[in-house]
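Examining the three-dimensional arrangement
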Amino acid sequence: MIPYLPARRWLHVAALIVLALPLSPAAQAEPLARSLFGAANRPSQQQSEPIGTYARGCAAGLVQLPETGPTWQAMRLSRNRNWGQPEMISYLEDLSVAATKVGWAGLYIGDISQPRGGPMTGGHASHQIGLDADIWMLPPKRVNLSAGEREKISSISVRTNDQTRVNGNWTPAHAALLQAAASDPRVDRIFVAAAVKIDMCLKSKPQDAAWLQKIRPYFSHNEHFHVRLKCPAGARYCETQTPTVSELSKGGSGCDDTLNWWVTTYLEELRNPPKPTKPAKRPAGPAPRTTKTFILSDLPAQCANVLASR
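As a starting point, this report considers the structure included with it. Position labels on residues start from 1 in each chain and follow its written sequence. Where totals are concerned, whole chains, interfaces and linings use all residues; where local detail is concerned, this predicted model gives features only for residues with pLDDT of at least 70, and gives and counts side-chain atom pairs only at 80 or more. Hydrogens and water are ignored here; the side-chain numbers use all heavy atoms of the structure.

Per the secondary structure count, the protein chain includes 12 helices and 11 strands. Atoms counted for the radius of gyration: C-alpha only. Globule rule: 2.2 Å times the number of residues to the power 0.38. Here the protein chain has a C-alpha radius of gyration of 21 Å; the compact-globule value for 310 residues is 19 Å, and the two agree. In terms of principal-axis extent, the alpha carbons of the protein chain reach across some 60 × 55 × 40 Å. Across the protein chain, contacts joining residues at least 24 apart in sequence account for 76% of those joining residues at least 6 apart. Surface exposure of the protein chain reaches about 15400 Å², of which carbon and sulfur atoms provide 56%. Only runs of H or I of at least four residues qualify as helices and only runs of E of at least two qualify as strands under DSSP, and these elements are numbered from the N terminus. Here, two residues are considered to be in contact whenever any of their heavy atoms come within 4.5 Å of each other. In these tables, accessible area is a Shrake-Rupley quantity obtained with a 1.4 Å probe, and a residue counts as shielded only by the protein chains included in the view.

This next bit is on the packing of aromatic side chains. Two rings from Phe, Tyr or Trp (for Trp, the six-membered ring) form a pair when their centres sit within 6.5 Å of each other. Planes less than 30 degrees apart are called stacked, planes more than 60 degrees apart edge-to-face, and all others tilted. Summed over all chains, the structure comprises seven aromatic pairs. Residues tryptophan 261 and tryptophan 262 carry aromatic rings whose centres are separated by 5.1 Å and whose planes lie at 85° to one another, so their mutual orientation is edge-to-face. Judged by relative accessible area, which is 37%, tryptophan 261 ranks as partly exposed. In this structure an aromatic cluster arises from ring pairing among Phe191, Tyr218, Phe219, Trp261, Trp262 and Tyr266. Above the ring of tyrosine 54, the side-chain terminus of arginine 228 is found at 4.4 Å from the ring centroid. We call a residue buried when its accessible area falls under 20% of the maximum for its residue type, exposed when it is over 50%, and partly exposed in between, using a 1.4 Å probe and counting protein chains only. Only lysine NZ and arginine CZ atoms are considered, and such an atom sits over a ring when it is within 6 Å of the ring centre and within 35 degrees of the ring normal.

Moving on, we come to the pattern of salt bridges. What counts as a salt bridge is simple: a side-chain nitrogen of Lys or Arg found within 4 Å of a carboxyl oxygen of Asp or Glu. All told, the structure shown has 12 salt bridges when counted by the stated rule. Measuring nitrogen to oxygen at the nearest pair gives 2.9 Å for the salt bridge that ties arginine 186 to aspartate 94. Of the two residues, arginine 186 sits in the loop between α6 (172–183) and β9 (187–192) while aspartate 94 sits in helix α4 (residues 86–100), which places them 92 residues apart along the sequence. Relative accessible area serves as the criterion here: at 44%, aspartate 94 is assigned to the partly exposed category. Of the charged contacts in the structure, one is a salt bridge between aspartate 199 and lysine 203, with a shortest N-O distance of 3.2 Å.

Let us look at the pairing of strand β1 (residues 49–53). Of all the five residues making up β1, four are buried; the element is thus mostly covered by neighbouring parts of the structure. Bridge count between β1 and strand β2 (residues 56–60): five bridges; the pairing is antiparallel. Looking across to β2, one finds that glutamate 49 is bridged to alanine 60. In this structure, the hairpin formed by β1 and β2 is closed by a connection of two residues. A strand pair is defined by DSSP finding two or more bridges across the two strands.

Here we come to the state of the cysteines. Cysteine pairs can be linked by a disulfide, which is a covalent bond between their two sulfur atoms. When the sulfur atoms of two cysteines come within 2.5 Å, that pair is taken as a disulfide. On inspection of all chains with the given rule, the structure shows three disulfides. Note that cysteine 58 is cross-linked by a disulfide to cysteine 303, the S-S spacing being 2.1 Å. Where cysteine 58 bonds to cysteine 303 through sulfur, the torsion about that S-S bond is close to -100°, and the disulfide is left-handed. Taken together, the positions of cysteine 58 in strand β2 and cysteine 303 in helix α12 (residues 302–308) put the pair 245 residues apart, joining distant regions of the chain. With relative accessibility at 0%, the residue cysteine 303 sits in the buried group. Paired by a disulfide, cysteine 231 and cysteine 238 hold their sulfur atoms 2.0 Å apart.

Moving on, we come to empty space enclosed by the protein. Every definition here rests on a 1 Å grid over the protein atoms only: cavities are sets of points where a 1.4 Å probe fits but cannot get out, pockets are open sets enclosed by protein on both sides within 12 Å along at least five of seven lines, and lining residues have some atom within 4 Å of a point. Grid points are joined across faces, edges and corners, and a volume is the space filled by probe spheres set on the points. In this structure the tally under the stated criterion is two cavities of 30 Å³ or more. Taken as a whole, the largest cavity holds about 90 Å³ of empty space. Taken together, Arg159, Gln163, Ala193, Ala194, Ala195, Tyr218, Phe219, Ser220, His221, Trp262, Tyr266 and Leu267 form the lining of the largest cavity. Of all the elements in the fold, those that place two or more residues in the lining of the largest cavity are α7 (194–202) and α11 (265–271). Of the residues that constitute the lining of the largest cavity, the class distribution is eight nonpolar, three polar and one charged. Lining the second largest cavity we find Ala74, Met75, Arg76, Leu77, Arg81, Asn82 and Gly110. Only Asp, Glu, Lys and Arg are considered charged in this grouping, and only Ala, Val, Leu, Ile, Met, Phe, Trp, Tyr, Cys and Pro are considered nonpolar; every other residue, Gly among them, is considered polar.

Let us now look at the nonpolar core. Tyr91, Leu178, Ile190, Ile215 and Phe225 are the most contacted members of the largest nonpolar core, which has 50 residues in total. Note on terminology: a nonpolar core comprises buried Ala, Val, Leu, Ile, Met, Phe, Trp, Tyr and Cys residues joined through side-chain atoms within 4.5 Å. By size, the runner-up hydrophobic cluster in this structure holds 13 residues, among which are Ala33, Phe37, Cys58 and Leu299.

A few words now on unusual backbone geometry. For the peptide bond that leads from threonine 242 to proline 243, omega is -5°, which places it in the cis range. Position of proline 243 relative to the elements: it lies in the loop between β11 (224–229) and α9 (245–248). Its identity is not glycine, yet glutamine 163 carries a phi of approximately 70°, on the positive side. Glutamine 163 sits in the partly exposed class, given a relative accessible area of 22%.

So this is what it looks like as structure tokens:
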């Protein structure tokens, strides 16, 4: 078992926040937030709570999704990213049961969050508050894979290489599972490859708008779908994403011209990037930090307590 990091390390981190000025050389020397949160091997001993935004926050009192359940398996266990808010863990367990009703043995579940959330050492900009989860498009035939098998097996792509259509791996069972996933009131939105959304729109009915608007096109989601839950009731420091899916789809299903952009203009710009223009002169001062370069003081103040907690 990996040893628990000593409390004095977290106390040192908290001291840095107080002493370092955000724009000073001292602040620039502060450890990256992704290194601090990536080093935490256990959740904080606090009441469960998401803090901040999905891409700029942390998580208190996370719960571990068991590595294996009757209808699911957590994948890539070496990453230690099978931690989520209690609402997320319950949702995944419920959805894995729904998967058996469409003919799958259950679900293969990818990254949720690190034990204390926060920026990840690699792979995601979001997944920081325990309310995001990746679910593989690979239909499980069994849910008794060994830990070693879970490191080697890969998911499958459900769209063509040109990104415009679903391929032969896409089945009605995938569509039924996504409908079940999006119909749950706990869900804020679900990210999929644009080709998936297009196929679902072609086969949709007017009454599907309420759940179909939650299915949102996004690049690189051809091997998994990404579920994002709403902030739980009473979560004081959690910020649900805006605009809402209803606003994005103008109250409809999202099967409109904005969807076609993903398989027309977006792809054309990938093939033929616009010629670079002379960049505007950047204002004086340090360059804005990104998820990869966040320091602890870039996150909500409560995140220092999450790291300092036993």
